[in-house]
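Residues per chain, in single letters:
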Amino acid sequence: MSDSAFRTGWDVYRRQRRALLDRRLVRRRRVVALSVAVSAGTAIVVTQLLASWVPGGAVRLAVVLLATAVAAGFVATVFLPESRLPEWQEDRQDDPEWRRTERIEAQFRRQPPPLDPADRAAVLATVERVVDPLVVSISRTAFLGPAWLAIWAAGLALGGTGMMFMLTVWPPVAAFFQLGPSIALVHRLGRVSTAGARAEALDPAEPVAPAPVPPRNADPRGSKVRLPGD
């Protein structure tokens, strides 16, 4: 179920992402990321010429240069969104009927209960509200985990000795913690999309007829004793 949710979320992300992109923001993101990567690579070359701080031959220098440039470019993308839509945040819109809120939220869990036809419209409204922000959030943070892996590659190329020891220990840990939220967002997107598909396949609930109004008593109230002259 978990793998299925991830695959579903990734498919939805790939389909929806292009439709939500702002071409101007995408172009700016690419230009800035490429500029940052080139600047980082240039800094590696210049400092190597001045201080020869990368041990070994040209192959090791090339790995450090490429990994550092890629990492810097990936980090830059985190600060440059590709869409003008807001990102996803935990839904804080509480329904006055808290039991109904719990039932609706349960539809987006790993093992959802059967969907009540009365909750169909609320589930579809939630899906419509959160799918696009989830896609935007995934798009912005997608390269942060790979950036740490690139830093790790640079640390391994440097040999992992001396002051460079932290470059071989910390980046994998950071990558794990950075990839975790992104993977969780993809899972969430998959479960939301699946819940929406279940709600679409369900027939709408029949409207509840209003309770009949009891007829008014036509018999006049009050004393039934006739007085003289009545």
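Source: prediction; values computed, not measured. Counting restarts for each chain, with residues numbered from 1 along the sequence as it is written. Note on the predicted model: pLDDT of at least 70 is required for a residue's local features to be given, and 80 or more for side-chain atom pairs to be given and counted; whole-chain, interface and lining totals, by contrast, use all residues. Note that water and hydrogens are dropped before the side-chain values are worked out from all heavy atoms of the structure.

**Some thoughts on the overall build of the protein chain**
Rule in force here: Numbering of helices and strands runs from the N terminus, with a helix taken as a DSSP run of H or I at least four residues long and a strand as a DSSP run of E at least two residues long. Note on classification: 1.4 Å probe, protein chains only; a residue is buried when its accessible area is under 20% of the maximum for its type, exposed when over 50%, partly exposed between these limits. Residue contacts follow a heavy-atom distance rule, with two residues in contact if any of their heavy atoms lie within 4.5 Å. To measure how exposed things are, a 1.4 Å probe is used in the Shrake-Rupley method; for residues, cover is taken only from the protein chains shown.
Counting its secondary structure elements, the protein chain contains 7 helices and 0 strands. Scanning the protein chain from its N terminus toward the C terminus, one meets helices and strands in the order α-α-α-α-α-α-α. Within the protein chain, the proportion of its 230 residues that are buried is 33%. Nonlocal contacts in the protein chain, meaning residues at least 24 apart in sequence, comprise 79% of its contacts between residues at least 6 apart. Approximately 15,400 Å² of the protein chain is accessible, and the part contributed by carbon and sulfur atoms is 62%.

**A closer look at the packing of aromatic side chains**
We count it as follows: Think of it this way: a Phe, Tyr or Trp ring, Trp meaning its six-membered ring, pairs with another when their centres are within 6.5 Å, and the plane angle makes it stacked under 30 degrees, edge-to-face over 60, tilted otherwise.
Going through the model one piece at a time under the given rule, you end up with 3 aromatic pairs. An angle of 35 degrees between the planes, with centres 5.2 Å apart, marks the rings of W10 and Y13 as tilted. Remark: Y13 and W10 occur in helix α1 (residues 2–20); sequence separation between them is 3 residues, near one turn of the helix.

**Some remarks on the nonpolar core**
Spelled out, the test is: Here, the term nonpolar core denotes a set of buried Ala, Val, Leu, Ile, Met, Phe, Trp, Tyr and Cys residues that are joined through side-chain atoms within 4.5 Å.
Ranked by internal contacts, the top residues of the largest apolar core, which has 23 residues, are F108, V123, L134, L189 and V192. If you list the elements that add at least two residues to this core, you get α1, α5 (120–141) and α7 (166–201). Top contributing element to this core by residue count: α5, with 10 residues. Ignoring anything within four residues of it in the chain, the contact list for V192 reads F108, V127, V130, V131 and L134.

**Quick notes on empty space enclosed by the protein**
Leftover empty space is mapped by rolling, across the atoms, a probe with the size of a water molecule. Convention followed: As defined here, a cavity is a set of points on a 1 Å grid over the protein atoms alone where a 1.4 Å probe fits but cannot get out. A pocket is an open set with protein on both sides within 12 Å along at least five of seven lines, and residues line them when an atom is within 4 Å of a point. Grid points are joined across faces, edges and corners, and a volume is the space filled by probe spheres set on the points.
Tallying each qualifying case throughout the model produces 1 cavity of 30 Å³ or more. Counted as a void, the largest cavity has a volume near 70 Å³. Surrounding the largest cavity, R17, L20, L21, P81, E82, S83, V135, V136, S139 and R140 form its lining. Among the secondary structure elements, those contributing two or more residues to the lining of the largest cavity are α1 and α5.

**What to know about a nonpolar patch on the surface**
Note the following rule: In this analysis, a patch consists of residues with relative accessible area above 30% that form no salt bridge, clustered at 9 Å for like charges and at 5 Å for the nonpolar side chains Val, Leu, Ile, Met, Phe, Trp and Tyr. A pairing counts as a salt bridge when a side-chain nitrogen of Lys or Arg comes within 4 Å of a carboxyl oxygen of Asp or Glu.
Among the surface-exposed residues, M166, W170, V173, F176 and F177 lie close enough to one another that they form a single nonpolar patch of about 580 Å² accessible area. Along the polypeptide, F177 turns up in helix α7.

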